[in-house]
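Summary of structural features
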Amino acid sequence: FMDKIRNMFSCSPKNSRELAEVAKGLEEQMLKIGRVLDTRWVASSLMAVKAVWTDFKALYNHFIEASEDKQRDSKQRSTYKGLCSTLSSTTFVHNLALMFDALEELSDLSLQLQKSSLNLIQAHSDVTLLIKVFENRVENMGRRSVEAKIAIDDLMFQDVKLCVRSKIPSIPEKQFYRSLANNLTSRLLSSSSNAAEHYTKIMNDIKVIHPMYWPKDLSITYGECEIQRICDRFKISSSQDIIRDFRHFKQGLKPMLSGEKPTILEQPPSFKKLISIINSIAVSSAECERGFSAMNLIMSPLRSSLYISTVCDLLRIRLLGPPVARYNPERHVKTWLAKGHHSALDTKSKQRGQKTYHEDSIALWELFS
């Protein structure tokens, strides 16, 4: 049904214009209706569901007007009548609210996982937290579902009268959230039979560098075996320096565990380097997606013959910077001139040819000026 609505308005400017006029008359903000659960980021699906939720009244009024429009043929009027019937059903409102609540949570997780600053511990924590949220939703409804339940009980949603239609299948709420929780759990490497033990060891080793996971009775040698395993895993030769700095770091933050003021707030250099190495572990493919998007913008049909080295340089500048405002071309200009190239002010260089125009062209310019 959502795809049918999307196709109706994305493929027909006339329908989009009519819907916009209805929304304007109702003083509502018109949102673009896209596809739901396609191959794009989950945030795109949320935008589509949010658009239908927000534009519900405008959609209903538009479908009513279109179904009674005598200028349309009987097939079109019948199509709009069917859409209106589905839209105003209690089951559709229930399903829409359920999808809105779930996609809102999944979209937030997706946006969190796309952050460049996200590390493995935070990503694991965010995913496990959402799993608990979905498990809780089995017994406790989301905000939109509560609104939908009130509307269904009153048979009125956004000033639109609802009807009970048994032909439209309803999404079982408890089963839906259990399925989401199970699917998210299966995505974690800790639940995979092949990588569970390996992943769990890595996570336990990394947790020792975060004070939030430290025990209250912190010993002076706490976490040193884990630090050594991390150094061996990443082939870091200065493991003893890191362990020594880790001891100082623990001693400085140890008073914090008992509620006192810590004596050290900054991380020692070698220990900070270890944290930077750990944080470099990619937790999602978002950076790759950004790279492909940037490459598609750079290698346009008009610039398809760029050298690979040139594309790499442009990609690095686009993704990592620096911006043009911070670029100082003086060094590169001097290198260019040192190789014997002509400068822009060189009078011996070939002058740029000036295009000549016919008198009729000049008269035409004066006519339109």
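Residue numbers here run from 1 along each chain, matching the order of that chain's written sequence. The model is predicted, so local features are restricted to residues of pLDDT at least 70 and side-chain atom pairs to those at 80 or more, both for listing and for counting; the totals for chains, interfaces and linings are taken over all residues. Processing note: side-chain calculations cover all non-hydrogen atoms of the structure and skip hydrogens and water entirely.

Per an unreviewed UniProt entry, the protein carries the name HAT C-terminal dimerisation domain-containing protein and comes from Homalodisca liturata.

Let us look at the overall build of the protein. Secondary structure elements are taken from DSSP: a helix is a run of H or I of four residues or more, a strand is a run of E of two residues or more, and numbering for both begins at the N terminus. On a plain count of helices and strands, the protein comes out with 17 helices and two strands. When a residue's accessible area, from a 1.4 Å probe over protein chains only, is under 20% of the maximum for its type it is buried; when over 50% it is exposed; and in between it is partly exposed. Counting over 369 residues, the protein shows a buried share of 34%. Sequence-distant contacts in the protein: of pairs separated by 6 or more residues, those separated by 24 or more amount to 70%. Surface exposure here means Shrake-Rupley accessible area, sampled with a 1.4 Å probe, where a residue is shielded only by the protein chains that are shown. Carbon and sulfur atoms make up 54% of the accessible area of the protein, which totals about 24600 Å². Here, two residues are considered to be in contact whenever any of their heavy atoms come within 4.5 Å of each other.

Only residues above 30% relative accessible area that lack a salt bridge enter a patch, with like-charged residues linked at up to 9 Å and the nonpolar side chains Val, Leu, Ile, Met, Phe, Trp and Tyr linked at up to 5 Å. Whenever a carboxyl oxygen of Asp or Glu lies within 4 Å of a side-chain nitrogen of Lys or Arg, that contact is scored as a salt bridge. Judged by side-chain polarity, Met141, Val146 and Ile150 come together as a nonpolar surface patch covering roughly 240 Å² of accessible area. As for its position among the elements, Ile150 is in helix α8 (residues 143–154).

Once that is clear, we can look at unusual backbone geometry. Phi at Gln158 takes a positive value of approximately 50°, unusual for a residue other than glycine. Position of Gln158 among the secondary structure elements: in the loop between β1 (156–157) and β2 (160–161). Classification of Gln158 by relative accessible area gives partly exposed; the value is 27%. With phi around 55°, Lys235 is a residue other than glycine that occupies positive phi space.

For helix α15 (residues 308–320), built from 13 residues, the straight-helix expectation of 18 Å at 1.5 Å per residue is met to within 8% by its first-to-last C-alpha distance of 18 Å. Of the residues flanking the end of α15, it is Gly321, one or two places downstream, whose phi is positive at about 90°. Multiplying 1.5 Å by the residue count of a helix minus one yields the expected span of that helix.

Time to look at the environment of Asn140. Along the chain, Asn140 turns up in the loop between α7 (120–137) and α8. You can call Asn140 partly exposed: its relative accessible area is 40%. In this structure, the C-alpha to C-alpha distance between Asn140 and Lys174, residues 34 residues apart in sequence, is 9.4 Å.

Counting through the fold element by element, Ser89 comes out in the loop between α5 (74–87) and α6 (90–113). Side-chain atoms alone can form a polar contact between residues adjacent in sequence; in general such a contact is a pair of N or O atoms within 3.5 Å, and within protein one must be able to donate a hydrogen while the other accepts it. Separated by 3.2 Å, the side chain of Ser89 and the backbone nitrogen of Phe92 make a polar contact. Excluding residues that lie within four positions of it along the chain, Ser89 makes contacts with Cys163, Arg165 and Ile168.

Okay, the nonpolar core next. Counting 42 residues, the largest nonpolar core has Phe56, Phe63, Leu87, Phe134, Phe157, Phe176 and Tyr177 as its most contacted members. At the level of secondary structure, the elements contributing two or more residues to this core comprise α3 (42–54), α4 (56–67), α5, α6, α7, α8 and α9 (173–187). At 11 residues, the largest contribution of residues to this core is made by α6. Apart from the residues within four sequence positions on either side, Phe176 is in contact with Leu98, Met99, Ala102 and Ile171. As used here, the term nonpolar core means buried Ala, Val, Leu, Ile, Met, Phe, Trp, Tyr and Cys residues forming a set that is joined through side-chain atoms within 4.5 Å. Among the nonpolar cores identified, the runner-up in size contains 23 residues, and Ile202, Met203, Cys231 and Leu274 belong to it.

Pairing of aromatic rings covers Phe, Tyr and the six-membered ring of Trp, with a centre-to-centre limit of 6.5 Å; geometry is then stacked below 30 degrees between planes, edge-to-face above 60, and tilted otherwise. For the structure on display, the rule yields 10 aromatic pairs. Arranged with centres 5.0 Å apart and planes meeting at 40°, the rings of Phe249 and Phe271 form a pair that is tilted. One end of the pair, Phe249, is in helix α12 (residues 239–257); the other, Phe271, is in helix α13 (residues 269–279), and 22 residues separate them in sequence. Relative accessible area serves as the criterion here: at 0%, Phe271 is assigned to the buried category. Here the aromatic cluster, defined as three or more aromatic residues joined through ring pairs, consists of Trp53, Phe56, Phe100 and Phe157. In this scheme, the term charge over a ring applies when either NZ of a lysine or CZ of an arginine sits within 6 Å of the ring centre and within 35 degrees of the ring normal. The cationic tip of Arg144 hangs over the ring face of Phe100; the distance from NZ or CZ to the ring centre is 4.0 Å.

Relative to each other, α6 and α7 sit at 175°, their axes nearing to 10 Å. As summarised for this structure, α6 and α7 are arranged roughly antiparallel, according to the angle between their axes. Where α6 approaches α7, its residues Asp101, Ala102, Glu105, Leu106, Leu109, Gln112 and Leu113 are matched on the opposing element by Ala123, Asp126, Val127, Leu130, Val133, Phe134 and Arg137. Each residue is assigned to one of three groups, with Ala, Val, Leu, Ile, Met, Phe, Trp, Tyr, Cys and Pro labelled nonpolar, Asp, Glu, Lys and Arg labelled charged, and all others, Gly among them, labelled polar. Partitioning the contact of α6 with α7 into residue classes produces nine nonpolar, one polar and four charged. Note on definitions: angles span 0 to 180 degrees between N-to-C directions of axes, and those axes are lines fitted to C-alpha atoms, for helices only across the stretch in contact. Angle categories are assigned with fixed cut-offs, so that under 35 degrees is roughly parallel, over 145 is roughly antiparallel, 65 to 115 is roughly perpendicular, and the rest are oblique.

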